[in-house]
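# Observations on chain architecture
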Amino acid sequence: MNGMNKKPHIVTIFGGTGDLTYRKLLPAFYNLMETNHLPDDFHIVIIGRQDLTTESYRELAKNWIHEHSRYKVHDEKLEEFLNYVTYFEMIFTEEEGYHRLKEYYQSLSPNACHLYYFAVAPAFFEAIAINLGKADLASNSKVIIEKPFGNDLESAGQINKTLTSIFSETSIYRIDHYVAKEMVQNIFTIRFANTLFTNIWNSDNIKSIQISANELVGVENRGNYYDHTGALKDMFQNHLLQILSIVTMDKPTDFEAESIHEKQEEILENLYIESINDDVVLGQYTSDGNSKSYRDEERVYASSTTETFVALKLGLHHPHWENTPIYVRTGKRMHKRATEVVIEFKALNNEKPNVLIIKIQPDEGVYLRFNIKKPGQGNDVQTVFMDFCQSCNYENRVNTPEAYERLLNAALDGDRTLFASYKQVELSWMFVEDIVNQVNHQDIQFYEAFTSGPHKAHELLKRDGNHWIEEEVYGENYISSIE
């Protein structure tokens, strides 16, 4: 595979017959093979309890890789990749299978490094880790765990206590795939590689920061999970707080994992909400006449007060950010799918403020709005914009690694920069649990599906003389959806 000097690796995926493995992990590994980023001595061991053989599993995997790889899949190349994939039947909650697994590893590559991927619910993290330890399979190995990192602060702490008793902290890779998205990583470059922005990225020049992660989809088939979780825990606690910390952190001394995490942790430690009652809006979607309301979704409680939308006004006790409001929102069944960071600069001479929008998904790019004199003999000012669409270029799309591809490659290299520290996880849970314990879920605000959320989420900004900048940028179609 021409693995660019990578050490021999055996990657073991627990939960290898689930959607995550089929849709994300196997296609990501295939893409890494296409770009020569896998070791020459490489194996993927799929752990499952289904009665499958390696051959039957490979047949199942083919269609998923064809559908989800970012490259056109050729049969010859696919067969080459699948030769590195084997299926191992065992019940991962029972110790017996791990001793058989140890023997199997010896037959594959006795001196390989091990990377264990826990593509399972957090409830199983400890059982797998403990059994790996009992079978003497944990030393000199790495483990990737999927979010959520526990269901609350207590469970996150218990999981971490168990994992760090078996693996070293530097061997634990906590995945948040949002952090690895191309334009989230580009925030570092935009901020720290441009004199245009680096010296004005503070409260002296920035009026507000807005972070939105809006989805068109509802809860789909995740009703049972979502009804016990809600938008605060499902999106805000991890993805959005990670983005927020990257947008507002000070420049690290270097761009190694420890330095970056330290600056992110500093932000999370100093984040605050002035008033839970006034600065948090919870919403839940209702039917638009053609789609189900949240309460009619499968496996959702009929009178559920679980939020499918949340908007918050946050602040930072930080020398660079005192008195700069940070507005964050996320919701399902919204008017459009878009994850964006909006930086609204302070206006000069009563002109329209400059605006920078970092577009994370589905479009990737940067929008900049600024003022210029109108052509002619007068001195009238008009607003113009530059809109760079990175994902509009076919070559960019093909050459941009998917988030999981980037994360898996980093884990193989032992690079923890894109992964969360436990302190980040702990601080995020502390902040969110404080909100959950104080907020009144009976004050849920209903919003019609495929609109821009509850009216109260707009009033949250209006009382400070602000508004969601999207209203200006995307025009009348947006405004009509909230009237």
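Our subject is the structure that appears above.
A brief structural summary. (Residues numbered from 1 in each chain as written. Predicted model: local features only at pLDDT ≥ 70, side-chain atom pairs only at ≥ 80, totals over all residues. Heavy atoms only, no water.)

### Brief notes about the overall build of the protein
Of regular secondary structure, the protein possesses 18 helices and 16 strands. By its C-alpha atoms, the protein is 80 × 55 × 45 Å across when sized along the principal axes. Put simply, the protein has 483 residues, and 56% of those count as buried. A separation threshold of at least 6 residues defines the contact pool for the protein, and within that pool the share at least 24 residues apart is 75%. Of the roughly 21,500 Å² of accessible surface on the protein, a fraction of 45% belongs to carbon and sulfur atoms. Seen as two clouds, the 46 positive and the 71 negative side-chain charges of the protein have centres 2 Å apart. (Helix = DSSP H or I, 4+ residues; strand = E, 2+ residues; numbered from the N terminus. Buried < 20%, exposed > 50% of the residue type's maximum accessible area, 1.4 Å probe, protein only. Contact = heavy atoms within 4.5 Å. Areas by Shrake-Rupley, 256 points an atom, 1.4 Å probe, with all protein chains shown as cover. Lys, Arg positive; Asp, Glu negative; His and termini not counted. Charge placed at Lys NZ, Arg CZ, Asp CG, Glu CD.)

### Here's the deal with the side chain of Asn31
You can see Asn31 is positioned in helix α1 (residues 19–34). Note on Asn31: relative accessible area 1%, which makes it buried. There is a polar contact of 3.5 Å between the side chain of Asn31 and the backbone nitrogen of Arg70. Setting aside anything within four residues of it in sequence, one finds Asn31 in contact with Ser69, Arg70, Tyr71, Glu402 and Glu405. (Polar contact = N/O pair within 3.5 Å; in protein donor to acceptor, adjacent residues only side chain to side chain.)

### Thoughts on the pattern of salt bridges
As enumerated under the stated definition, the model contains 20 salt bridges in all. Among the charged side chains, a network of salt bridges with common partners joins Glu59, Lys62 and Glu79. (Salt bridge = Lys/Arg side-chain N within 4 Å of Asp/Glu carboxyl O.)

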